[in-house]
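Inside the fold
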Amino acid sequence: MPAMTRLVLVAILAALAAGGARAAAPLPSPRPASAKAPDPNPKPAKAQPGKLQDPKAQEAKPQDIDAADPQSALDGKPKSRATRQRQSIPIVGGPVAPDDFALRYYASLKQTARVNAELARLHTLYPSYEPPQDLYEAPASNAIDEEPFWALFAADKIEELKAAIDAKEREIPGWKPSADLASKLRRKELRLKISALWKADKILDLVDYLKKEDTSELQDDVDVLWTIAEAYARARQNEDAVNMFKRILTTTKDPQIRVATIQKALGSLRMAEVETLLAAVPGASQATGEFAPLAIDITRARIAAYLHDERTEEVPPADMAKFEAYARNSKDANQIGLVAWYDYKRRDFNAALEWFKLAIQYDGDAMIAHGLAHSLRALGMKREAEEVAYAWHEPLANNAILYLDLLESELTREIPPYIEADRLARYAKVTMEASAGEGAQALGWYAYNSCQWDVAKFWFERAVAWFPKDSTVYGLAMSSKRVKDEKGLYTLANRYDGLFAKVVGILFPDGLVRPPSPCDQKGAEKLHGAGVKTAAFIAPGPALIPNAPPVYAPVAPSYGDQNNATYPVDMQPGQEDKRVAALLKAIKGKFPAQVDMSNPLRFRAMPIPSLLAQRAPAMGFPVAVDGGYRKDPATEPAPLVARRVPGVGPMPYEKYGFSLLPGWNGQETASWPPYSQQIAPAGTMWADQEADPTKSGLAVFDSRSPSNARGLAPGGQGAATYGQQPVAGYGQQPPSRSFGAGSAGNYLGGYSPPATPPRAPAYGQYPPPMSR
């Protein structure tokens, strides 16, 4: 080759080499004419929070970007330069951890081509990147950052969290939250729902919700399981509550949780269910091992169950001895009082008295004083019981009732004992404060039997207003007769005709002779002392009846129970007809007669402002001023003839052939025996009163139920005589014939006595003892 030719070839090759080198150099980015000159001191780009930005991204070549974007080739869609540049910037989760969510997502869908393309892109940007070993096994959700979800979970924003999860599932088809997040979300949703219903006290709604939901995921949430068990207990679904407590005890091994579970059960369930639970757990019933700290709590619960008749067995002596030592050392009046009431329930009154006194010593409340008064009365120390009940009558109404009840039996004796004037005055004050009809009728009978007629009428009027029964109305009628208030006597007889035979019987003497009472003799005004007068009431004076027994002494038989207390008068033939004719003539125009339909007797407990001011204001407000009573509207005139009242015995005039109108149920004959003489039906409040030894008296109670008189010697302490005395006339046989046959409407229009009139009840001018 000629030399010139070789030189030309060398020059061409050099030019080609220089052109290739320029082509390999990076090309400058085109800039519009209006663009500003570059900043000589450019600021670094702001990195995203929690992300690292690769500084080499600014130096990436366009051709490298196109080459590193195999996805665009797979999709078949060209992408703009800006898009390709943004995609070329590697956003990683740490210094050596790139964002491989797309790689995991394609692997979860088993799209091998896209997985390979993504691996090529990652290797281009991160030459040292190695894919995970469990690429095709790991769920795609592991690749997404769940930190925002966990933040909502920690803030208890359950609804927002569920909305965010739904949005992510729509954004990325096939994506699901991690199993850990889904499980904890379900548990928290259950916990929040249960807690909300519990705090809102919607127990029934909570129980209905629990019946529909699966709570097995709450196995480790003991506090929630406790709430569920208590909810079942409050809803009276005791079996479910016991099962829930058993579930906790069988699934947890933590001794503190097991002990706390038993304590929760003691506070939620009845002792019968708790005993079932204790029997199912080894060592719990005997409080041994890990349950030893619960010995006192279990004994306390058994004592309470025994006191409330939920447990028939007494507490084992060894356990009771431990609890007594605990109560004495605690110096807690409540714990000591629990022992006292337990001994009282067992009728060990001497021990109960000592425990009640100890509880009072450690600031026992009015209920402890109530038990102390009952124990004193059971031991025959009624005078001391009276003082205790009066001292604590203001903070507890039970003590006021007991105080009135204690002295009532003495005030209603047929031969009234001597009672100090100040004791009578304070009894009258408590009676007025409480509007106690029992106390008013007791004061009335004490005044009547001690020949204080005006005072008796005062208290009987209040007794009829507060406690209208046969003995109170009878006392008012007898007092009206004594003060020669004939109008008042006939008004009462007409008002209570058909209901209280004793009241009507005052107008129809039976012709029997009775021994005179002390008040029927001369000098009756000397049989009582001066009473205490106040602006609101007048208390009876002390009774000064000769040979009267002292207060709270055993009650002697009454006049009505003595032999030959009444005997018929020997009459000549025809004298009985004359007596009855004179009787009917005396009551003609006065009985029967119409009476006012409204209640004429209305009395307040504190009728004057000075006594009203003694009341403690409620919540800082002053005592309200009493207003006047409005009269009852009388829509119809009172009937002239009384109607038969079912359950009431015969009226006194029925033996003469007169009758009442039929009862509302069509009954035309008198009931026998009357309801007042029948045994109260089982289950009624009156039956409970009659069966209560604190009402009938321990001696009477033990005589009815000898098995209850444990540890008491006959006639010894505890055999206190405290009960109702028999009323004269009780136990009479019913009439031998039906009176009033064929005389409907002939109320008092004629007289046709039976051939042999039955012996009438002995109503007597001297009244029988009256009590509750």
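Each residue is numbered by its place in its chain's sequence as written, counting from 1. Thresholds applied to this predicted model are a pLDDT of at least 70 for local features of residues and 80 or more for the giving and counting of side-chain atom pairs; totals over whole chains, interfaces and linings are not thresholded and use all residues. In computing side-chain properties, one takes all heavy atoms of the structure into account and sets aside hydrogens as well as water.

**Side note on the environment of Tyr403**
The numbering of helices and of strands both runs from the N terminus, where a helix is a DSSP run of H or I of at least 4 residues and a strand a run of E of at least 2. On the secondary structure map, Tyr403 appears in helix H21 (residues 397–411). Residues Tyr403 and Tyr390, spaced 13 residues apart in sequence, show a C-alpha to C-alpha distance of 5.9 Å.

**Structural notes on unusual backbone geometry**
Following Phe591, the chain continues to Pro592 via a peptide bond in cis, the omega torsion being 0°. Counting through the fold element by element, Pro592 comes out in the loop between helix H28 (575–587) and helix H29 (609–612). In this chain, Trp672 is followed by Pro673 through a cis amide linkage whose omega measures -5°. Looking at the secondary structure, you find Pro673 in the loop between H29 and helix H30 (685–691). We note that Asp156 has phi near 60°; this positive angle belongs to a residue other than glycine. Relative to the helices and strands, Asp156 resides in the loop between helix H7 (147–154) and helix H8 (158–171). Even without being a glycine, Lys331 presents a positive backbone phi close to 55°.

**Details of the packing of helix H22 (residues 421–434) against helix H23 (residues 437–449)**
For helices, the fitted line uses only the C-alpha atoms of the stretch in contact; every axis is such a line through C-alpha atoms, and the angle between N-to-C directions lies from 0 to 180 degrees. Running from amino to carboxyl end, H22 crosses H23 at an angle of 145°, the nearest separation of the two axes being 9 Å. Relative to H23, H22 is oriented so that their crossing is left-handed. Every residue of H23 that contacts H22 at Leu424, Tyr427, Ala428 and Thr431 is listed here: Gly439, Ala440, Ala442, Leu443 and Tyr446. Charged means Asp, Glu, Lys or Arg here, nonpolar means Ala, Val, Leu, Ile, Met, Phe, Trp, Tyr, Cys or Pro, and polar covers whatever is left, Gly included. Residue composition of the contact of H22 with H23, by class: seven nonpolar, two polar and no charged. Take the far helix as the reference: if the near one is turned anticlockwise from it by less than a right angle, the crossing is left-handed, and if turned clockwise, right-handed. Contacts are residue-level and defined by heavy atoms, with any inter-residue pair within 4.5 Å sufficient.

**Topic: the packing of aromatic side chains**
Ring geometry is summarised as follows: Phe, Tyr and Trp rings, the Trp one being its six-membered ring, pair when their centres sit within 6.5 Å, and such pairs are stacked at plane angles under 30 degrees, edge-to-face over 60 and tilted between the two. According to the stated counting rule, one finds 17 aromatic pairs in the structure shown. Summarising the aromatic geometry, the rings of Trp341 and Tyr344 are spaced 5.9 Å apart at their centres and angled 80° between planes, so their arrangement reads as edge-to-face. Of this pair, Trp341 and Tyr344 both sit in helix H17 (residues 333–345), three residues apart, which is roughly one turn of that helix. Throughout this description, buried means an accessible area under 20% of the type-specific maximum (1.4 Å probe, protein chains only), exposed means over 50%, and partly exposed covers the range between. When its relative accessible area of 21% is taken as the criterion, Trp341 is described as partly exposed. Given the relative accessible area of 16%, Tyr344 is considered buried. With a centroid separation of 5.1 Å and an interplanar angle of 90°, the aromatic rings of Phe458 and Trp459 are classed as edge-to-face. Grouped by ring-pair contacts, the aromatic residues Trp445, Tyr448, Trp453, Phe460 and Tyr474 constitute a single cluster. Positioned above the aromatic ring of Tyr209, the side-chain terminus of Lys193 is 5.9 Å from the ring centre. Criterion for a charge above a ring: Lys NZ or Arg CZ within 6 Å of the ring centre, and within 35 degrees of the ring normal. Between Lys502 and the ring centre of Tyr474, over which it is positioned, the NZ or CZ distance is 4.6 Å.

**Quick notes on the confidence of the model for the protein chain**
If pLDDT is low for a region, its predicted coordinates should not be looked at in detail. As a per-residue quantity, pLDDT reports the predictor's confidence and falls between 0 and 100. When pLDDT is averaged across the protein chain, the result is 75; 69% of the residues are at 70 or more. Overall, residues 7–96 carries pLDDT values under 50, and its contacts beyond four positions in sequence, including any with other chains, amount to 53 contacts. Contacts for the low-pLDDT stretch residues 607–612, under 50 throughout, to residues beyond four places or in other chains number nine contacts.

**Some points on the nonpolar core**
The nonpolar side chains of a soluble globular protein tend to be buried with one another. To define a nonpolar core, start from buried Ala, Val, Leu, Ile, Met, Phe, Trp, Tyr and Cys residues and group those joined through side-chain atoms within 4.5 Å. Core analysis: the biggest nonpolar cluster contains 99 residues, and Leu411, Tyr427, Trp459, Phe508, Phe537, Phe591 and Tyr653 have the highest contact counts within it. Per-element tally for this core: the top contributor is helix H24 (residues 453–466), with nine residues. With sequence-adjacent residues up to four places away left out, Trp459 is seen in contact with Ala428, Thr431, Met432, Ala440, Leu443, Gly444, Phe537, Ile538, Ala539 and Pro540. The next biggest cluster of nonpolar side chains, apart from the first, holds 43 residues, and it includes Ile228, Ala241, Leu278 and Ala305.

**Considerations on the packing of H21 against H22**
It is the contact of H21 with H22, at a shortest axis distance of 11 Å, that shows an interaxial angle of 125°. It follows from the interaxial angle that H21 and H22 lie oblique. When the axes of H21 and H22 are compared, the crossing they make is left-handed. Only Arg423, Leu424, Arg426, Tyr427, Val430 and Thr431 of H22 make contact with H21, whose side of the interface consists of Tyr403, Leu404, Leu407, Glu408 and Leu411. In what follows, roughly perpendicular refers to angles from 65 to 115 degrees, roughly parallel to angles under 35, roughly antiparallel to angles over 145, and oblique to any angle outside these ranges.

**A short note on the pattern of salt bridges**
For this analysis, a salt bridge means a side-chain nitrogen from Lys or Arg found within 4 Å of a carboxyl oxygen belonging to Asp or Glu. Within this structure, the stated rule accounts for 35 salt bridges. With its nearest N and O atoms 3.3 Å apart, the salt bridge here joins Arg191 to Asp223. Residue Arg191 is found in helix H9 (residues 179–199), and its partner Asp223 is found in helix H11 (residues 222–234); the two are separated by 32 residues along the sequence. You can call Asp223 partly exposed: its relative accessible area is 39%. Taking the shortest distance from any N to any O, the salt bridge between Lys429 and Glu433 comes out at 2.3 Å. Within this pair, Lys429 and its partner Glu433 are both found in helix H22, separated by four residues, close to a single helical turn. Residue class for Glu433 comes out partly exposed when judged on its relative accessible area of 28%. The network of salt bridges with common partners includes Arg383, Glu386, Glu387, Glu420, Arg423 and Arg426.

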